[in-house]
Amino acid sequence: MRQIRLIVEYDGTRYVGWQVQPNGLALQQVLEEVLARIAGHPVRLRSSGRTDAGVHALGMVACFTTTVAHPLTAFREGANSLLPPDIAVRDAEEVSARFDPRRDAISKNYRYTIHQAPCRAPLSRLTAWHLRDPLNLEAMLLAAMAFVGEHDFAAFRTIGCAAQTTVRRIDAVTITEDREFLVIDVHGSGFLRNMVRIMTGTLVEIGKGKLPVGHVARCLADPSVRAGATAPARGLCLICVTY
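Quantities reported herein were computed from a predicted structural model and do not represent experimental measurements. (Residues numbered from 1 in each chain as written. Predicted model: local features only at pLDDT ≥ 70, side-chain atom pairs only at ≥ 80, totals over all residues. Heavy atoms only, no water.)

Undergrad: Is there a simple way to explain the overall build of the protein in this structure?
TA: When its secondary structure is counted, the protein shows five helices and 10 strands. Expected size for 243 residues packed as a compact globule is a radius of gyration near 18 Å; at 19 Å, the protein falls within 12% of this value. Projected onto its principal axes, the C-alpha coordinates of the protein cover approximately 60 × 40 × 30 Å. Scored against the burial criterion, the 243 residues of the protein give a buried share of 51%. Approximately 11,900 Å² of the protein is accessible, and the part contributed by carbon and sulfur atoms is 52%. (Helix = DSSP H or I, 4+ residues; strand = E, 2+ residues; numbered from the N terminus. Rg over C-alpha atoms; globule rule 2.2 N^0.38 Å. Buried < 20%, exposed > 50% of the residue type's maximum accessible area, 1.4 Å probe, protein only. Areas by Shrake-Rupley, 256 points an atom, 1.4 Å probe, with all protein chains shown as cover.)

In structure tokens form, the structure reads like this:
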């Protein structure tokens, strides 16, 4: 029995999320059906995590087991020849049967992209959150510092999050400007449902002056304090998972 690890890139715009669901087409479903055609047997993918509807990925990690002796190119080039244009297998590697894509992950990097300009940009409409008015970057940077460390992020999760614990470790939060775009990179041990989007929404409200700089620290100290709004899914991308 072989275990194959895939690195998958996708545009999540037209999917209900990564995980197979009864209410629409999921990325996991599309990949499993293609891999089953190649392997000649049913395939079940185990992933490093889940992404919600509309969220993208540059480096989702997923594994499956197979008994076939196909070369790794069959699971990369072969899969890519059958997958739709918005999904691609970037790499395929044989790994130990003991490898667990979720439990063995040390950290993940999510990136949120904001487009700041008076006029919307059609080419980034599916990958960035368009805001017409400029944000106070200095205030956002000061507020973001409070995220770093191990904290209770209960205020930064959506209703329905089934995580057993809301304590998470954030290693770094960086905010950089690239012309009209503001890029927020969040590195951490793991994330609650919609956590990065709520973190981003809170920072944006601080950048707009609707919330004080100290609001992030207040939410972390007291989960009953309401965080900012949830940023749209389209601006979020899973960049990579570190093992």
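Undergrad: When you look at the pairing of strand β8 (residues 167-178) in this model, what are you seeing that I'm missing?
TA: The side chains of a regular strand alternate, residue by residue, between the two faces of the sheet. Summarising the sheet, strand β7 (residues 149-152) and β8 pair through four bridges and their orientation is antiparallel. Following the sheet pairing, D152 is matched in β8 by V167. In this structure, β8 lies alongside strand β9 (residues 181-188), joined through eight bridges in antiparallel fashion. Bridge pairing links I170 to G188 in β9. The turn linking β8 back onto β9 is made up of two residues, and R179 within it adopts a positive phi angle of 55 degrees. (Pairing = 2+ DSSP bridges.)

Undergrad: Is there a simple way to explain the pairing of strand β5 (residues 107-116) in this structure?
TA: Counting buried positions over the 10 residues of β5 gives nine, a clear majority of the element. In terms of strand pairing, β5 meets strand β10 (residues 236-242) through six bridges, oriented antiparallel. If you follow S107 over to β10, its bridge partner there is T242. In this structure, β5 lies alongside β9, joined through eight bridges in antiparallel fashion. The residue bridging K108 from the neighbouring strand is G188, located in β9.

Undergrad: I'm lost on helix α3 (residues 137-144) in this one. Help?
TA: Each α-helix turn comprises 3.6 residues. Residues three or four places apart therefore point the same way. Among the residues making up α3, those that are buried are L137, A139, M140, A143 and A144. Buried positions in α3, seen along its axis, are confined to an arc of 160 degrees and lie on one side of it. Near the N-terminus of α3, the side chain that reaches the backbone nitrogen of E138, with its oxygen 3.2 Å away, is that of N136. (Arc of directions from axis to C-beta. Polar contact = N/O pair within 3.5 Å; in protein donor to acceptor, adjacent residues only side chain to side chain.)

Undergrad: Which parts of the structure should I look at to understand the packing of aromatic side chains?
TA: Scanning the model with the defined rule gives eight aromatic pairs in all. Relative to F75, the ring of F64 has its centre 5.3 Å away and its plane inclined at 75 degrees; by these criteria the two rings are edge-to-face. In this pair, F64 sits in strand β3 (residues 56-66) while F75 sits in helix α2 (residues 72-82), placing the two residues 11 residues apart along the sequence. Accessibility assignment for this pair places F64 and F75 in one class, buried. Taken together through their ring pairs, the aromatic side chains of F147, F153 and F156 make up a single cluster. Positioned over the ring face of F99 is R5, at 4.8 Å from the centre of the ring. Positioned above the aromatic ring of Y243 is the side chain of R5, whose terminal nitrogen or guanidinium carbon lies 5.8 Å from the ring centre. (Phe/Tyr/Trp six-rings, centres within 6.5 Å; stacked < 30°, edge-to-face > 60°. Lys NZ or Arg CZ within 6 Å of the ring centre and 35° of its normal.)

Undergrad: Please clarify how a nonpolar patch on the surface should be interpreted in this entry.
TA: Residues L142, M145 and V213 make up a contiguous nonpolar surface patch of about 280 Å² in total accessible area. Among the secondary structure elements, L142 is positioned in helix α3. (Patch = residues over 30% accessible without salt bridge, like charges linked within 9 Å, V, L, I, M, F, W, Y side chains within 5 Å. Salt bridge = Lys/Arg side-chain N within 4 Å of Asp/Glu carboxyl O.)

Undergrad: Looking at this structure, I do not really get the environment of R218. What am I missing?
TA: Structurally, R218 can be placed in helix α5 (residues 215-221). Classification of R218 by relative accessible area gives partly exposed; the value is 48%.

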